[in-house]
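Below are the chains, spelled out letter by letter.
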Amino acid sequence: QLQLAESGGGLVQPGGSLRLSCAASGSISSASVVAWYRQAPGKQRELVASMTSGGTTNYADSVKGRFTISRDNAKNSVYLQMNSLKPEDTAVYYCYLRRVFNSYWGQGTQVTVSS
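All values reported here derive from a predicted model rather than from experimental measurement.

A.B. asks: Whenever I open this one, the environment of S17 confuses me. Can you help?
C.D. replies: Checked against the element boundaries, S17 lands in the loop between β2 (10–12) and β3 (18–24). On the accessibility criterion, S17 (41% relative accessible area) is partly exposed. Residues S17 and T52 lie 35 residues apart in sequence; the distance between their C-alpha atoms is 25 Å. Beyond its immediate stretch of four places on either side in the chain, S17 contacts V12, Q81, M82, N83, S84 and L85.

This is the structure in structure tokens:
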């Protein structure tokens, strides 16, 4: 059993940057997949970025070249670096982790991009 806690969200102007953090309550070294999802008001939750245990990454076309997912097993943490932010990036962002027998979600953190 794991709890995931996101932090780092907030209000930022277009073109700015934020780094989201996801702190797990236990080891993430055995996780097969870590990922970030987001959900804007009135829209479906969508996959933003993912990383396998082997280091393979995948990004939504809308964020490719601007966002970077990373993990630090020693710190039991997952990160999402977001650069060149656009108003369309405004959403609640969720951390996700998959193990062999279970999947886990964070509670979400709000990111608002506005001038």
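A.B. asks: Honestly, the state of the cysteines in this entry has me stumped. Any pointers?
C.D. replies: Note on terminology: disulfide describes a covalent bond linking the sulfur atoms of two cysteines. Under the definition given, this model contains one disulfide. One disulfide bridge connects C22 with C95, the sulfur atoms lying 2.1 Å from each other. Its torsion about the S-S bond being -85°, the disulfide of C22 and C95 is classed as left-handed. With C22 in strand β3 and C95 in strand β9 (residues 91–98), this pair connects stretches of sequence that are 73 residues apart. Just as C22 is buried, C95 falls in that class too.

The rules behind these values
- Residues numbered from 1 in each chain as written.
- Predicted model: local features only at pLDDT ≥ 70, side-chain atom pairs only at ≥ 80, totals over all residues.
- Heavy atoms only, no water.
- Helix = DSSP H or I, 4+ residues; strand = E, 2+ residues; numbered from the N terminus.
- Buried < 20%, exposed > 50% of the residue type's maximum accessible area, 1.4 Å probe, protein only.
- Contact = heavy atoms within 4.5 Å.
- Disulfide = S-S within 2.5 Å.

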